[in-house]
Amino acid sequence: MLKGKKILLCVTGSIASYKSVLLVRLLVKNGAEVQVIMTDAAKDFIAPLTFSTLSQNNVLSELSNEEGWANHVMLGRWANVILIAPASCNTIARIAHGFCDNLLQAVYLSATVPVFVAPAMDEDMWLHPATRQNIETLKKNGNKIINVNKGELASGLTGEGRMAEPEEILKELETFFSAASDLKGKVALVTAGPTYEAIDPVRFIGNHSSGKMGIAIAKELQSRGANVRLILGPTNLDVPSGVDSVKVTSADEMYDATFNNFATVDIIVMAAAVADFKPEKIADQKIKKGPRQTLSIKLAKTRDILARAGELKSKKQILVGFALETEKGNDNALAKLSAKNADLIVLNSLEDEGAGFGHDTNKISVFAREGKVVHFEKKSKQEVAADIVDIIINLKK
């Protein structure tokens with residue numbers, strides 16, 4: 001599974017760096033090409049010659065020296081994955097906050113590939129609120145955290161904080177590359193963000209959707225090997241690199257963009273918060289307040305994208321809808337599942353703290369046909385996206 005894969009291993013200052021020596025040996029033995037970056041602190045524990053000998057590549061540690069410039073941008077694009085192992089408490093804090101004063105940090109900030117982080121530190125440092133917050137920031141930014149182990153620590157104490165064993169890290173990478181081919185050859189369509197329904201040239205009816213959940217799903221589908229088309233409502237968020245996108249404003253525009261190539265897609269995820277109503281008439285000019293005390297706007301229903309998708313979908317297509325509820329969430333989700341002919345309905349409720357619009361986290365329940373439901377705890381939206389895609393993949397098996 002690792003044959004021909006390019007692994008950029010970043011080693012930081014930690015006693016656990018001796019495990020990285022064994023890790024390089026395992027990676028090379030399994031056919032991977034390994035390039036090692038060491039921080040200055042890491043050299044206090046392991047000589048660069050050890051890594052260069054095992055990897056058969058020169059070790060990099062400086063942004064520039066008398067021999068030239070280490071192109072951090074190209075390094076971040078050369079690899080299939082970047083692995084920071086061990087990741088010290090200091091390095092975790094610095095990359096979480098965007099510091100850029102060594103080669104490792106410059107490569108991390110330039111990376112366009114998945115980043116794995118294998119923490120290593122004493123238990124008190126690992127459990128400190130600042131570290132917990134930094135770990136959550138890294139997760140929110142899409143990094144993959146390799147769980148620490150519990151055992152004897154460098155301090156002589158026993159507790160959490162030991163870096164995962166080389167064999168465990170190898171397994172994580174093998175699982176990742178295996179998952180990356182789960183949806184190879186499949187085409188996925190994702191809608192995300194709000195829609196804005198014009199009242200006049202400057203005003204609109206809208207909602208608070210940020211598009212974060214849909215974008216996270218598009219990114220996750222892409223990481224599993226799918227070709228992804230993202231139909232994105234008004235948002236300031238960036239489209240993931242490599243994802244085809246169409247930007248729209250209104251519900252009508254999202255409807256048309258969705259069904260332009262609907263028959264050619266395998267997976268449809270309707271994560272957008274599409275307006276249910278729009279003004280029946282749009283004023284040509286800005287409506288002035290004037291002496292009037294009130295203003296009435298007659299609303300008309302928008303076309304139901306999810307319902308139409310349910311009517312058109314073939315037996316080979318998987319259709320996923322979303323339900324954001326403020327009350328009777330389970331009942332409403334089940335009703336929507338049936339009424340829209342969806343395969344899955346993802347429920348999130350504004351009654352749950354940290355769920356819904358604008359948050360970096362979400363708490364969902366996924367309803368499937370025949371009354372099956374899976375409840376999840378609150379997680380980062382990227383982790384939620386992974387849970388949703390896992391369920392989609394299981395449906396296709």
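The preceding data block contains the structure.
Numbering of residues starts from 1 in every chain and runs along the sequence as written. In view of the model being predicted, local features appear only for residues whose pLDDT reaches at least 70, and side-chain atom pairs are presented and counted only at 80 or more, with totals across whole chains, interfaces and linings using the full set of residues. Calculated side-chain values reflect all of the structure's heavy atoms, with hydrogen atoms and water omitted.

Chemist: Just checking my understanding: could you explain the overall build of the chain for this structure?
Modeler: Across its full length, the chain holds 13 helices and 23 strands. Principal-axis analysis of the C-alpha atoms places the extent of the chain at approximately 75 × 50 × 40 Å. In the chain, which comprises 397 residues, the share counted as buried stands at 48%. Accessible surface, the chain: about 20,000 Å² in total, of which carbon and sulfur atoms supply 48%. A run of H or I in DSSP counts as a helix once it spans at least four residues, and a run of E counts as a strand once it spans at least two, with each numbered from the N terminus. Exposure categories follow from relative accessible area, calculated using a 1.4 Å probe and restricted to protein chains: below 20% of the type maximum is buried, above 50% is exposed, and the middle band is partly exposed. For accessible areas, the Shrake-Rupley method is used with a probe of radius 1.4 Å. Any residue's cover is judged against the shown protein chains and nothing else.

Chemist: Would you mind showing me how to read the pattern of salt bridges here?
Modeler: Two side chains that carry opposite charge are able to pair once their charged atoms sit near each other. Salt bridge, as applied in this entry: a Lys or Arg side-chain nitrogen positioned within 4 Å of an Asp or Glu carboxyl oxygen. Scanning the entire structure with this criterion turns up 19 salt bridges. A salt bridge links R203 to D200; the nearest nitrogen and oxygen atoms lie 2.6 Å apart. Among the ionic pairs, K313 bridges to D343, the shortest N-O distance being 3.2 Å. Taken as a pair, K313 in the loop between α11 (305-312) and β18 (318-325) and D343 in the loop between α12 (329-339) and β19 (344-349) lie far apart in primary sequence, 30 residues in all. Residues K313 and D343 agree in their burial class; the two are buried. Within the structure, one salt-bridge network assembled from shared partners comprises D252, D256, K278 and R303.

Chemist: What exactly am I supposed to notice about the sheet that holds strand β15 (residues 267-270) here?
Modeler: Paired through their backbone hydrogen bonds, the strands of a sheet run either parallel or antiparallel. DSSP calls a pair of strands paired once it identifies at least 2 bridges connecting them. An order of β14-β13-β10-β15-β18-β19-β21-β22 is seen for the 8 strands of this open sheet, with the pairing classed as mixed. Pairing within the sheet leaves two strands with one partner each, and these edge strands are β14 (244-247) and β22 (373-375). Taken over all neighbouring pairs, the strand axes of this sheet differ in orientation by 15° on average, direction set aside. For this analysis, residues touch if any pair of their heavy atoms sits within 4.5 Å. For helices, the fitted axis covers only the stretch in contact; all axes are lines through C-alpha atoms, and the angles between them, taken along N-to-C directions, range from 0 to 180 degrees. In the packing of helix α13 (residues 381-396) onto the sheet, contacts are made with β15, β18, β19 and β21 (364-368), and the angle to β18 comes to roughly 145°.

Chemist: How should helix α7 (residues 129-140) be read in this particular structure?
Modeler: Count 3.6 residues to each turn of an α-helix, and residues three or four apart come out pointing the same way. The first and last C-alpha atoms of α7 sit 16 Å apart over 12 residues, in line with the 16 Å expected at 1.5 Å per residue. Taken together, the buried positions of α7 are T131, N134, I135 and L138. Buried residues of α7, viewed axially, fall in a sector of 100°; they line one side. In this structure, α7 carries P129 and Q133 as exposed residues pointing more than 90 degrees from its buried face. Expected helix span is taken as 1.5 Å per residue step, with the number of steps being one fewer than the number of residues. Picture the helix axis, draw a direction to every C-beta atom, and the arc is the one those directions span.

Chemist: Which parts of the structure should I look at to understand the pairing of strand β9 (residues 158-162)?
Modeler: Bridge analysis of strand β8 (residues 149-152) against β9 gives 4 bridges, and the strand direction is antiparallel. Bridging from a neighbouring strand, N149 pairs with R162 of β9. Between the antiparallel neighbours β8 and β9 lie 5 residues, among them G156 with a positive phi of about 95°.

Chemist: Can you walk me through the packing of helix α4 (residues 89-96) against α7 in this structure?
Modeler: The axes of two packed helices give the description: the angle between them and the distance between them. Taken N-terminus to C-terminus, the directions of α4 and α7 make an angle of 50°; their axes are 9 Å apart at the nearest point. Viewed along their axes, α4 and α7 adopt a mutual orientation that is oblique. Considering only the axes of α4 and α7, their crossing is left-handed. On α7, the residues that touch C89, I92, A93, I95 and A96 of α4 are T131, N134, I135, T137 and L138. All residues other than Ala, Val, Leu, Ile, Met, Phe, Trp, Tyr, Cys, Pro, Asp, Glu, Lys and Arg, Gly among them, are scored as polar; the first ten of these are nonpolar and the last four charged. Grouping the constituent residues of the contact of α4 with α7 by class yields 7 nonpolar, 3 polar and no charged. Orientation labels follow simple angle bins: below 35 degrees gives roughly parallel, above 145 gives roughly antiparallel, 65 to 115 gives roughly perpendicular, and whatever is left gives oblique. Handedness of a crossing follows from how the near helix is turned relative to the far one, being left-handed for an anticlockwise turn of less than a right angle and right-handed for a clockwise one.

Chemist: Could you clarify how one ought to interpret the nonpolar core in this entry?
Modeler: Buried Ala, Val, Leu, Ile, Met, Phe, Trp, Tyr and Cys residues that are joined via side-chain atoms within 4.5 Å together make up what is termed a nonpolar core. Judged by nonpolar contacts, the single largest core of 34 residues is most densely connected at I217, L221 and V269. Going through the elements one at a time, β10 (187-192), α9 (212-223), β13 (227-232), β15, β18, β19, β21 and α13 are the ones with two or more residues in this core. Those residues in contact with V269 that sit more than four places away from it in its chain are L189, V190, T191, I217, L221, V320, F322 and I392. Counting 31 residues, the second-largest nonpolar core is a separate cluster that includes V24, L27, A32 and L83.

Chemist: I'm lost on the state of the cysteines in this one. Help?
Modeler: Should the sulfur atoms of two cysteines be covalently bonded, the bond is a disulfide. The disulfide criterion used throughout: a pair of cysteine sulfur atoms within 2.5 Å. Using the criterion set out here, one finds 0 disulfides in the structure. Cysteine C10 is unpaired, with the sulfur of C100 as its nearest cysteine sulfur at 13 Å. In this structure C10 comes out as buried when scored by relative accessible area, which is 2%. When its relative accessible area of 46% is taken as the criterion, C100 is described as partly exposed.

Chemist: For this particular structure, what's the right way to read the pairing of β13?
Modeler: Within a regular strand, side chains alternate between the sheet's two faces. Both β10 and β13 contribute to a ladder of 6 bridges, which runs parallel. For A192, the partnering residue across the bridge sits in β13 and is L232.

Chemist: Would you mind going over the packing of aromatic side chains with me for this structure?
Modeler: How two aromatic rings sit relative to each other is set out by the distance from centre to centre and by the angle between their planes. Note on ring pairs: Phe, Tyr and Trp rings are taken, using the six-membered ring of Trp, and paired if centres are within 6.5 Å. Classes follow the plane angle, with under 30 degrees stacked, over 60 edge-to-face and the rest tilted. Per the stated rule, a full pass over the model turns up 5 aromatic pairs. Taking the centre distance of 5.2 Å and the plane angle of 45° together, the rings of F259 and F262 count as tilted. Overall, the relative accessible area of 19% leaves F259 in the buried class. By way of ring pairs, the aromatic residues F116, F176 and F177 are connected into one cluster. A positively charged side chain is recorded as over a ring if its NZ (Lys) or CZ (Arg) lies within 6 Å of the ring centre. The angle to the ring normal must also be within 35 degrees. Over the ring of W126 we find R132; its NZ or CZ atom is 4.3 Å from the centre of that ring.

Chemist: Hey, could you run me through a nonpolar patch on the surface in this one?
Modeler: Candidate patch residues must exceed 30% relative accessible area and have no salt bridge, after which like charges are joined if within 9 Å and Val, Leu, Ile, Met, Phe, Trp or Tyr side chains if within 5 Å. A cluster of nonpolar side chains, contributed by I15, Y18, L22 and F45, occupies part of the molecular surface with about 400 Å² of accessible area. With respect to the helices and strands, the residue L22 is situated in helix α1 (residues 17-29). You can call L22 partly exposed: its relative accessible area is 46%.

Read these as geometric descriptors, not functional statements.
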